[in-house]
Amino acid sequence: MALSSSDLPAIYSLLANSMSGDESVRKPAEVALSQSESRPGFCSCLMEVITAKDLASQVDVRLMATVYFKNSINRYWRSRRDSGISIEEKTHLRQKLLAHLREEDYKIAMMLAVLISRIARIDYPKDWPEFFSILANQLQSADILTSHRIFMILFRSLKELSTKRLSADQKNYAEITSHFFDYCWHLWQSDVRTILHGFSALTQNCDPNVIEQHHDELYLISERWLLCSKIIRQLILSGFPSDAKAVQEVRPVKEVSPVLLNAIQSLLPYYSSFQKGHGKFWEFVKRACTKLMKVLVMIQNRHPYSFSDKSVLPPVLDFCLNKITEPDPELLSFEQFLIQCMVMVKRVLECKEYKPSLTGRVMDASVITLEQTKKNMSNVVGGVLTSLLPNERIILLCNVLIRRYFVLMASDLEEWSQSPESFHHEQDMVQWTEKLRPCAEALYIVLFENYSQLLAPIVVSILQESMSGCPASAIEITPGLLLKEAAYGAAAYVYYELSNYLSFKEWFNGALSLELSNDHHNMLIIHRKIALVLGQWVSEIKDDTKRPVYCGLIRLLQAKDLSVKLAACRSLCSHIEDANFSEHEFMDLLPVCWDSCFKLFDEVQELDSKVQVLNLISILIAHVSEIIPYANQLVQFFRKVWEESSGESLLQMQLLVALRNFLVALGYQSPNCYSVLLPILQRGLDINSPDELLEDSMLLWEATLSNAPGMVPQLLTYFPCLLDILERSFDHLEVAVNIIEDYVILGGAEFLNMHASAVAKLLDLIVGNVNNRGMRSIIPVIDMLIQCFPMEVPPLINSTLQKLIVICLSGGDDYDPSKTAVKASSSAILARILVMNTNYLAQLTAEPSLPLLLQQASIPAEDNILLSLVDIWLDKVDNATSNQRKTFGLALSIILTLRLPQVLDKLDLILSVCTSIIMGGTDESADEDSRLYSIIKFSDPINQLSLENLVRENLKTCGAVHGEAFNVAISRMHPSAFAQLKQALKMP
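In this text, all values refer to a predicted model and were calculated from it rather than measured experimentally.

1. Here's the deal with the overall build of the protein chain
Within the protein chain one finds 54 helices and zero strands. When the backbone C-alpha atoms are referred to their principal axes, the protein chain occupies close to 125 × 80 × 70 Å. In the protein chain, buried positions account for 53% of the 988 residues. The long-range fraction of contacts in the protein chain, counting pairs at least 24 apart against all pairs at least 6 apart in sequence, stands at 78%. Surface accessibility of the protein chain: about 43,800 Å² in total, with carbon and sulfur atoms responsible for 51%. Taking the average place of the 89 positive charges on the side chains of the protein chain and the average place of its 113 negative ones, the gap between the two points comes to 4 Å.

In structure tokens:
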């Protein structure tokens, strides 16, 4: 039943109650609203709540209405059912939304923009010309507030539509770009002039009343201008194909970029002048300068060739370099802007389009022309960069990065003192574009990679200068000590090139060892950076230095400062995982290492820290052979971690990895940890557990089974979880297959008796519903089940076997090796059944339901399906493994005993195939269809049967059954083929 205006009070009350802190009030309201979502008229009621003038002050209720409106759009806007949103209601809602553009509240206006853009995306491209035409027309006569709201809608809509990647969609987007770009760009330039004029007035001694009068209007224009900047960015980035591929000039890049740079230069002086007197506009200046520089970065990344024009790249790069190396004093606090300047320089330095191509390839003429154009442009840009970055400027930039931006400030030391743990993560784990020092480090690394021969001696000289100016015995926190800390970092980050200019052994035996032995509190500044150095220079630490380095890191792991301990923890991971890790040199350090890790885990508070420590423990377990002596400690530790990790999926995931390593290390002694392992495993396999734990839980389950000396009752009860997991998705099919194999091997008949129905459901769920790769993984499991339980399993999996027959008799594998392999393996299973349970295969091929299945698969059903399978065995023998070929041969030899005249028609082929199998021998290396094949292959009855004897005996039976007709059929064999048959069967 449709909702109408009479339902408005009820809808309003439900929206208000849905925000109540009282659950008894909130829950019924949420249920009622959910039930109303699909009713026609619901969105119209929400629209009335959102736009009603008398509810203007009820912002929370109106916002909640926009949330439900958005959900309804996502669920029902496309709906063609009776429930949902009718065409008439859609038209009314579009008109209502576009008529309500002067929304005063910013949050409501933002949500309305989201709603309109979502509708525009769903209706695109059918209604987009009319939609954008309405926006364009309204812009012509709009006041500042309305135009701001229109730009908000336009930006959200363009952002939504930019994600459509079909060529037709991109063509339409380009048309939108051509329609709006000139207008937006004209308004942008007009607004920036107005803003700069207004800012100039603010800094002069104008009449306060006049300033106050125009203050709000100027701020709204400023906000509109920022929105306009975003739209221009979106149009340039998404309205044109990247010139990195097409090498086609994007005109707006050359037109817009210099003006953006000029705007930044004009706004920057207000960063200092507005800082004290005009806080609102000071925040705007910060946002504007940062965003405009981000726009330039994004344009360069999207259209590198157009950006390389002499009117764009040289002035932008020169400006950024100057701001980094010679910033105004007050600008040093403007970190976000400096970060964007560094990002720009880094992007230019590592831009592959600006580097000469060094590889030669054979290409057609059109590609050669394109590649030559790129090469020519790269050479031109290379010349520009060379002129902008002479050696002196490169060296200056390197020096400034190390001496100014790497050096810890007083605020850093205070932050470190207040929270060493937080300081560690902020310095070493944040995104490099978020903080100034990590950004400077990222730029330094790229700079060094580009100019390593020039800069390596410079970095070494800074390092030597810092060590001379601040000897190892110095303990005061001086500029010299802070410079040394920065120089150590610089040497750590580029170890791969610096090793040719600096002897690590001499450095370690000299300064680093002395500094490690100095326990003064202030030395933690150097100790933390030494931990970084030791972790980075792993590949350069030779045998005679490994032992003291290991000892040094263990010493740092026992430091009094958490930041130093965590840095040591990370570096120890690098050493233990290194291919040249010396367990012998580390062995006697293990007890203190374990103890320090356990204590550190208890000491740290942040999740990232706990994950980092647990990762070190996991790596230790995986790479150290002596685990048994510490097994009890580890079991207690893992139990404690699991109990404390409730709700922390990231920590639990790392714990599951550590437990898996622990199981592998324990091997057949793994039951010693079952007391902690099995409850954790049970929880991880629960279908209601967080999805992110499932993959690691599955891998742990597999490791538990593959390292178990035998089956235990509790593990046996977990098997049905596998059915629940695969019913949700086949994402973990390969692991699931290994788990089934393990249960068959370990559980044997007890497993099959307990979980027969689950096994049948699993196989029926998988077969026919996965791709060829999935089929190739599950077929060996089916084969193994039939091998182990030839009488019990075939009737149990009747439905699955019928699907295999359909697969065997289907076509379409002539040019698909993967499908051919699936057909060969499937037919080998059916051949095995004929050999090991002959009567059942006859029963299976005579099932009344089988012809219907074949008909549904568009496969013509033959009168005798068994004989159709014979044709498949004859056809696929060359695509089979050695074990499968022998199975085919045994099955074909049994076919010889059937009282069917058609057998004689195939006699020549059957005997030829059997002859080639007998004389071809076996290739056991090719038979390993699964990872457990080596365990079961010797017990396979197929291996115990003699194909030679069976063919000889069944050939006699065939002769006795068919009499003279048999002799006629034999006489049709080619003499050479008959001679080979006699040789294979050792017949006189």
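On we go.
2. Here we look at unusual backbone geometry
Even without being a glycine, serine 858 presents a positive backbone phi close to 60 degrees. When you line up the elements, serine 858 lands in the loop between α45 (849-856) and α46 (865-876). At lysine 986, a position not held by glycine, the phi torsion is positive, near 55 degrees.

3. Quick word on the pattern of salt bridges
Across all of its chains, the model carries 34 salt bridges by this definition. Salt-bridge contacts for aspartate 875 lead to lysine 876; the nearest nitrogen and oxygen are separated by 3.3 Å. Judged by relative accessible area, aspartate 875 falls into the partly exposed class, the value being 47%. When the shortest N-O distance is used, the salt bridge between glutamate 948 and arginine 952 registers 2.8 Å. With glutamate 948 and arginine 952 both in helix α52 (residues 947-962), this residue pair falls four residues apart, about one helical turn. Accessibility expressed as a relative area gives 16% for glutamate 948, which makes it buried. Within the structure, one salt-bridge network assembled from shared partners comprises Glu249, Lys254 and Asp309.

4. Focus: helix α8 (residues 144-161)
Residues lying three or four places apart along an α-helix face the same way, a consequence of the helix completing one turn every 3.6 residues. Look at α8: 25 Å from first C-alpha to last across 18 residues, which is about the 26 Å you get at 1.5 Å a residue. Of all 18 residues making up α8, 15 are buried, and the element is well covered by its neighbours. Looking at where α8 begins, the residue whose side-chain oxygen comes 3.4 Å from the main-chain nitrogen of leucine 145 is aspartate 143.

5. Brief notes about the packing of helix α19 (residues 391-405) against helix α23 (residues 452-469)
In contact at an axis separation of 11 Å, α19 and α23 are set at 35 degrees when each is read in the N-to-C sense. Two packed elements cross with a definite hand, and for α19 against α23 that hand is right-handed. In this structure, α19 contributes Asn391, Ile394, Ile395, Cys398, Asn399, Ile402 and Arg403 to the contact, and α23 contributes Leu454, Leu455, Ile458, Val459, Ile462 and Glu465. Taken together, the residues of the contact of α19 with α23 sort by class into nine nonpolar, two polar and two charged.

6. What about the packing of aromatic side chains?
Applying the stated criterion to the full structure yields 37 aromatic pairs. Consider the rings of tryptophan 507 and tryptophan 537, whose centres lie 5.9 Å apart with planes at 80 degrees: the pair is edge-to-face. With tryptophan 507 in helix α26 (residues 504-516) and tryptophan 537 in the loop between α27 (524-536) and α28 (543-557), this residue pair connects regions lying 30 residues apart in the sequence. Exposure class is identical for tryptophan 507 and tryptophan 537. Each is buried. Seen from their ring centres, tryptophan 594 and phenylalanine 598 are 6.2 Å apart, and the 20 degrees between their planes marks the pair as stacked. One end of the pair, tryptophan 594, and the other, phenylalanine 598, are both in helix α31 (residues 590-603), four residues apart, so they sit about a helical turn from each other. Each member of the pair, tryptophan 594 as well as phenylalanine 598, carries the same accessibility label: buried. Through a chain of ring-to-ring contacts, three or more aromatic side chains come together here, namely Trp185, Trp188, Phe199, Tyr219, Trp225, Tyr270, Phe274, Phe281 and Phe284.

7. Side note on the packing of helix α39 (residues 733-766) against helix α40 (residues 772-788)
In contact at an axis separation of 8 Å, α39 and α40 are set at 15 degrees when each is read in the N-to-C sense. By the criterion of interaxial angle, the relationship of α39 to α40 is roughly parallel. Every pair of crossing elements has a handedness; the one defined by α39 and α40 is left-handed. The residues of α40 that touch α39, namely those facing Leu733, Glu734, Val737, Ile740, Glu741, Val744, Ile745, Val759, Leu763 and Ile766, are Arg773, Gly774, Ser777, Ile778, Val781, Ile782, Met784, Leu785 and Cys788. Among the residues making up the contact of α39 with α40, the classes are represented as 14 nonpolar, two polar and three charged.

8. A few points about helix α34 (residues 649-666)
The first and last C-alpha atoms of α34 sit 25 Å apart over 18 residues, in line with the 26 Å expected at 1.5 Å per residue. Of all the positions in α34, only Ser649, Leu651, Gln652, Gln654, Leu655, Leu656, Ala658, Leu659, Asn661, Phe662, Leu663 and Leu666 are classed as buried. Close packing links the buried residues of α34 with α31, α32 (607-623), α33 (631-644), α35 (674-685) and α36 (691-706). Glycine 667 occupies a position one or two residues after α34 and carries a positive phi of about 60 degrees.

9. A short note on the confidence of the model for the protein chain
In this model, the protein chain carries an average pLDDT of 88, and 93% of its residues clear a pLDDT of 70 or more. Scored below 50 in pLDDT, residues 924-932 makes 20 contacts in the model with residues more than four places away or belonging to other chains.

10. Comments concerning the nonpolar core
Formed by 348 residues in total, the largest nonpolar core has its most connected members in Trp701 and Trp873. Looking at which element gives the most residues to this core, the answer is α39, with 15 residues. Here tryptophan 701 is in contact with Leu681, Leu685, Leu715, Tyr718, Phe719, Cys721, Leu722, Ile725, Ile739 and Tyr743, once residues within four sequence places are set aside.

11. A few points about the environment of phenylalanine 151
Considering the arrangement of structural elements, one finds phenylalanine 151 in helix α8. Linking phenylalanine 151 and leucine 139, residues 12 residues apart in sequence, is a C-alpha distance of 8.7 Å. Residues contacting phenylalanine 151, with those up to four places away along its chain left out, are Leu139, Tyr183, Cys184, Leu187, Arg224, Leu227, Cys228 and Ile231.

12. Regarding the side chain of serine 222
By the secondary structure assignment, serine 222 is in helix α10 (residues 208-238). Among all residues touching serine 222, those that are not within four sequence positions of it are Ile195, Phe199, Phe281 and Phe284.

13. Digging into the environment of cysteine 808
With respect to the helices and strands, cysteine 808 occurs in helix α42 (residues 798-809). Spatially, the C-alpha atom of cysteine 808 lies 24 Å from that of threonine 915, the residues being 107 residues apart in sequence. Beyond its immediate chain neighbours, meaning those up to four positions away, cysteine 808 contacts Lys823, Ser826, Ser827, Leu830, Leu869 and Ile872.

Rules of the game
- Residues numbered from 1 in each chain as written.
- Predicted model: local features only at pLDDT ≥ 70, side-chain atom pairs only at ≥ 80, totals over all residues.
- Heavy atoms only, no water.
- Helix = DSSP H or I, 4+ residues; strand = E, 2+ residues; numbered from the N terminus.
- Buried < 20%, exposed > 50% of the residue type's maximum accessible area, 1.4 Å probe, protein only.
- Contact = heavy atoms within 4.5 Å.
- Areas by Shrake-Rupley, 256 points an atom, 1.4 Å probe, with all protein chains shown as cover.
- Lys, Arg positive; Asp, Glu negative; His and termini not counted.
- Charge placed at Lys NZ, Arg CZ, Asp CG, Glu CD.
- Salt bridge = Lys/Arg side-chain N within 4 Å of Asp/Glu carboxyl O.
- Expected span 1.5 Å × (residues − 1).
- Polar contact = N/O pair within 3.5 Å; in protein donor to acceptor, adjacent residues only side chain to side chain.
- Axes fitted to C-alpha atoms, helices over the stretch in contact; angles between N-to-C directions.
- Left-handed = near helix turned anticlockwise from the far one by under 90°.
- Nonpolar A, V, L, I, M, F, W, Y, C, P; charged D, E, K, R; others polar.
- Phe/Tyr/Trp six-rings, centres within 6.5 Å; stacked < 30°, edge-to-face > 60°.
- Parallel < 35°, antiparallel > 145°, perpendicular 65-115°, else oblique.
- pLDDT = per-residue confidence, 0-100.
- Core = buried A, V, L, I, M, F, W, Y, C linked by side-chain atoms within 4.5 Å.

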